[in-house]
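Listed here are the chains, written in short residue letters.
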Amino acid sequence: MHPHPRVRNERALAARARTSQDRASDTITAFAGSMPFVYLHAAWFTIWILLNKGAFGDAAVFDPYPFGLLTMIVSLEAIFLSTFVMISQNRQAAREDIRADLDFETNLRSEVWSVHIGKALGLDAEAIERHATEVIAESKAMISRGETSSHQVTPPAQSR
């Protein structure tokens with residue numbers, strides 16, 4: 001008999017919480033952060049300015065310089081796009097909270113199992129914890145010195 005894993009998948013939890021409005025917001029945000037969006041706007045602004053500077057005849061001018069209508073449209077677009085970006089960021093923050101909670105559960109579960117396994121093997125939990133603390137401190141010191149090489153983690157000498 002195999003026990004069912006209790007680890008929940010962050011992606012599955014986030015996907016279940018996602019609404020059609022969330023999907024629409026993500027689609028708009030993804031498009032707004034793409035090069036096709038930039039190209040589309042560059043073409044749109046170029047055509048708008050050329051049209052309204054009289055390049056296609058004076059009859060085609062509908063928003064003369066300083067392009068008040070264009071300014072208003074772009075301002076409204078910026079307001080909506082920033083709102084969509086904030087919605088996506090808020091959802092991403094909520095997803096990160098879910099991930100942190102799941103990481104905490106997994107780490108806690110792992111520590112509980114490790115303690116029980118260590119007891120069953122007759123290991124000195126305090127000596128192992130001291131060694132773990134030393135390895136963590138050494139690792140942090142290496143990171144703060146900018147060292148990237150990995151070091152071997154050797155177990156402490158055990159007395160039974």
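For the structure, check the block above.
What you see is a predicted model, and the numbers here were worked out from it, not measured in a lab. Along each chain, residues carry numbers from 1 onward, in the same order as the chain's sequence is written. Local features in a predicted model are, by the rule used here, given only for residues with pLDDT of at least 70; side-chain atom pairs are given and counted only at 80 or more, and totals for whole chains, interfaces and linings are based on all residues. Working from all heavy atoms in the structure, the side-chain values ignore hydrogens and water.

With that out of the way, let us pick up the environment of Ser82. Looking at the element boundaries, Ser82 is found in helix α4 (residues 68–121). Considered as a pair, Ser82 and Ala32 are 50 residues apart in the sequence and their alpha carbons are 9.9 Å apart. Counting from the N terminus, the helices are DSSP H or I runs at least four residues long and the strands are E runs at least two residues long.

This brings us to the pattern of salt bridges. One speaks of a salt bridge when a side-chain nitrogen belonging to Lys or Arg is within 4 Å of a carboxyl oxygen belonging to Asp or Glu. Within this structure, the stated rule accounts for three salt bridges. In this structure, the salt-bridge partner of Glu147 is Arg145, at a minimum N-O distance of 2.7 Å. Salt bridges linked by common partners bring Asp22, Asp26 and Arg91 together as one network.

A separate point is the packing of helix α2 (residues 20–32) against α4. Each axis is a line fitted through C-alpha atoms, taken for helices only over the stretch in contact, and angles between the N-to-C directions span 0 to 180 degrees. It is at 9 Å that the axes of α2 and α4 come closest, and there the two elements cross at 115°. Between α2 and α4 lies a crossing of left-handed hand. Side by side, α2 and α4 meet where Asp22, Ser25, Asp26, Ile28, Thr29 and Ala32 of the first sit next to Leu81, Phe84, Val85, Ile87, Ser88 and Arg91 of the second. By the convention adopted, Pro, Cys, Tyr, Trp, Phe, Met, Ile, Leu, Val and Ala count as nonpolar, Lys, Arg, Asp and Glu as charged, and the other residues, Gly among them, as polar. Taken together, the residues that form the contact of α2 with α4 break down as six nonpolar, three polar and three charged. Handedness of each helix crossing follows the sense of rotation of the near helix against the far helix: counterclockwise by less than a right angle gives left-handed, clockwise gives right-handed. The criterion used for residue contact is that any of the two residues' heavy atoms lie within 4.5 Å.

Quick look at the packing of aromatic side chains now. Each Phe, Tyr or Trp ring, with Trp reduced to its six-membered ring, pairs with another whose centre is within 6.5 Å; inter-plane angles below 30 degrees give stacked pairs, above 60 give edge-to-face pairs, and intermediate values give tilted ones. Overall, the coordinates contain five aromatic pairs when judged by the stated rule. A centroid spacing of 6.2 Å and a plane angle of 80° characterise the contact between Trp44 and Trp48, whose relative ring orientation is edge-to-face. In this pair, Trp44 and Trp48 are both assigned in helix α3 (residues 35–52), four residues apart and thus about one turn of the helix distant. Burial classes follow relative accessibility: with a 1.4 Å probe on protein chains only, a residue under 20% of its type's maximum area counts as buried, one over 50% as exposed, and anything between as partly exposed. Classification of Trp44 by relative accessible area gives partly exposed; the value is 27%. By way of ring pairs, the aromatic residues Trp44, Phe45, Trp48 and Phe62 are connected into one cluster.

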